[in-house]
Structures are given as structure tokens and as C-alpha cells.
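Chain by chain, the residues run as shown.
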Amino acid sequence: RVRQQQASTLIAVFSSALGVASMVSVDIVNKSVLRYIEESINRVAGRAALQVTGADSGFPEEMVDRIQSVPGVELALPVIETNANFAEGTGRSFMILGVDSLQDHQMRSYKLTDESADIPDPLMFLAKSDSILLSKKMADREGISIDQPIRVQTVQGIKTFYVRGLLNPDGPAGASGGDIAVMDVYAVQKVFGKEGKTDRVDISFLPGMNLDIMKERIQAALPEGYYVDTPMGRTRQIENVTLRFRKSMALVSFMSLFLGMYLIYNT
């Protein structure tokens, strides 16, 4: 019978294999995306044990001082994450990480490439609003070198920045697949229309402090509408946000498998 209906048999086998492959591949993609997000968040978080977030549009930077005054807090540093595009070259988008250039080296590790080894402290060069650090991976792809001016599309139009150093893919520079730049947080506020606001506050503790106790203290010091969580907690939040998309992908793969079963039944 198989010889007599070779075409039908081949279609049935192919459809079944396609359905199973779709389900497996969708599951692998979902897990890979979540693992990628988790790795990026952990790289950017550095030593931060807790992170405070608020509205999507940001919240007043005065909250940084309020968090810093909580007993047991070692550092409370403002962070802004925003996306930008190269106005020239590939035109690809990348993430700009705005950090406190005076203190952030205590929270995150920034390692320079050999080309910029003569820079004593890369973050100190971010004090100027037109200074920027790029990951070496992105700089190589775009053909950018140290001290070169680059044109970036911002909410205030195209702005020119000067590359003050290149970062090895360690710590924050390895996040987002290497498509990342670092600027002073106050420069980012000015250029990207976020004056007086921050996206989140990264917090480290004094030695011996308990995570749950510190979380309760910080939450009690903040008004309603602010969330205190660990970097891993942010990963769970993103996982919940993408749940609908992952369910849709799973439904598509199930339909492929069902189609294969239907063809087998007809055969």
C-alpha cells in the first residue's frame, strides 16, 4: 500500500516531521530569548542586589537621595536605558546606558581595550555631554575608532558624539549582543529629553545586610507606584510580558502538528 500511494505517504511523513520540528524549535527559541534577556540584565546590573523601577516614562531623580538615605544602603545609583540609531553606516539601533560617571565604577566593571589603554579612567571622560564609550564589537562593525565623531539619531534630532574609549565584552559591554554604548546619565537626560528623571535606581548593600529586610525598608521609604525587585525579578517580569507572544508561537506550532496528523488520517 505504501508503494501504491508513495506521494501521500511522503506528504504525511513530511507534515508530521514538520509539526514536531515546529514545536521543538519554538520551545528552543523561547528558552533562548529568555536566557539572552536574563544574561543582558545581569551584565548591566553588575553588583546591584536590588533595583527600583517606576513609571515607563521614568521618575524624579530625587528618589535616588531618598533611597540612599535608607539604613543599610551602600550605593543608590541612577540608570537610564534608551535606544538610539546610527545616523550613518549601518543605521542599526543600539542601547545607550546612562550611568553616574563619578560612582558607577563601584557598581559595574568597565574594561578598556588595548587601543584605549592610555585612558586612566574611562568614566571620567563621560563628564562632557558629547562623550560616549562604545563596545569594541559594535565599533569594529561600524568602522569606528577612538576620538572619532559619530552621528546619532536622538529625540532632539541628529547629535554628534565623540568616542572616548572602546570597551571589551565584559560586564555591561557584553549586554544586548554587544550593541551597547555608555554615557553619563546627566548627558543622556539632556539629549534624550529626560531632564530630572531616571529609569531605575541600582542598589548595593553594606556588608551583612539581609536582602528581604532591605527590600522591605526600601519599599517602605517609597511612595506607591514604585517597585523594588532583584535583577532576576526583572527577568520574571519580562517573561510575564512576553507570555502572550510565546503562547501564540506555541499555538502556531500546535496547528502545524495538527495539520500533519490530519494528513496522516486522510492517508
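It should be noted that the structure appears before, not after, this text.
Residues numbered from 1 in each chain as written. Predicted model: local features only at pLDDT ≥ 70, side-chain atom pairs only at ≥ 80, totals over all residues. Heavy atoms only, no water.

Caption draft 1: Seen up close, the overall build of the protein chain. Looking only at helices and strands, one finds seven helices and 11 strands in the protein chain. The burial tally for the protein chain puts 42% of its 267 residues in the buried class. Taking the intrachain contacts of the protein chain between residues at least 6 apart in sequence as the baseline, contacts between residues at least 24 apart amount to 75%. Of the roughly 14400 Å² that the protein chain leaves accessible, carbon and sulfur atoms contribute 57%. (Helix = DSSP H or I, 4+ residues; strand = E, 2+ residues; numbered from the N terminus. Buried < 20%, exposed > 50% of the residue type's maximum accessible area, 1.4 Å probe, protein only. Contact = heavy atoms within 4.5 Å. Areas by Shrake-Rupley, 256 points an atom, 1.4 Å probe, with all protein chains shown as cover.)

Caption draft 2: Summary view of the packing of aromatic side chains. Using the criterion set out here, one finds two aromatic pairs in the structure. A centroid spacing of 5.2 Å and a plane angle of 85° characterise the contact between Phe59 and Tyr226, whose relative ring orientation is edge-to-face. Of the two residues, Phe59 sits in strand E2 (residues 59-60) while Tyr226 sits in the loop between helix H5 (211-220) and strand E11 (227-229), which places them 167 residues apart along the sequence. In this pair, the class of Phe59 matches that of Tyr226, namely buried. (Phe/Tyr/Trp six-rings, centres within 6.5 Å; stacked < 30°, edge-to-face > 60°.)

Caption draft 3: Representation of the environment of Gln148. Relative to the helices and strands, Gln148 resides in the loop between helix H3 (136-142) and strand E6 (149-154). The class for Gln148 is partly exposed, based on a relative accessible area of 25%. In this structure the C-alpha to C-alpha distance between Gln148 and Val163, which are 15 residues apart in sequence, comes to 5.7 Å. Apart from the residues lying within four places of it in its own chain, the contact partners of Gln148 are Gly143, Phe161, Tyr162 and Val163. For Gln148, the side chain forms a polar contact with the main-chain nitrogen of Ser145, separated by 3.0 Å. (Polar contact = N/O pair within 3.5 Å; in protein donor to acceptor, adjacent residues only side chain to side chain.)

Caption draft 4: Geometry of the side chain of Thr53. Relative to the helices and strands, Thr53 is located in strand E1 (residues 50-53). Residue classification places Thr53 among the buried residues on the basis of a relative accessible area of 19%. Ignoring sequence-local partners within four residues, the contact set of Thr53 consists of Phe59, Asp199, Arg200, Gly225, Tyr226 and Tyr227.

Caption draft 5: A look at the pattern of salt bridges. Summed over all chains, the structure comprises 12 salt bridges. Glu81 serves as the salt-bridge partner of Arg200, at 2.6 Å between the closest nitrogen and oxygen. Residue Arg200 is found in strand E10 (residues 200-205), and its partner Glu81 is found in strand E3 (residues 73-86); the two are separated by 119 residues along the sequence. In this structure, the salt-bridge partner of Arg164 is Asp130, at a minimum N-O distance of 3.7 Å. Pair noted here: Arg164 is in strand E7 (residues 157-167) and Asp130 is in the loop between strand E4 (93-99) and strand E5 (131-135), with a separation of 34 residues, a long-range link. (Salt bridge = Lys/Arg side-chain N within 4 Å of Asp/Glu carboxyl O.)

Caption draft 6: Examining unusual backbone geometry more closely. Unlike most non-glycine residues, Asp147 shows phi in positive territory, near 70°. Inspection of the secondary structure assignment puts Asp147 in the loop between H3 and E6.

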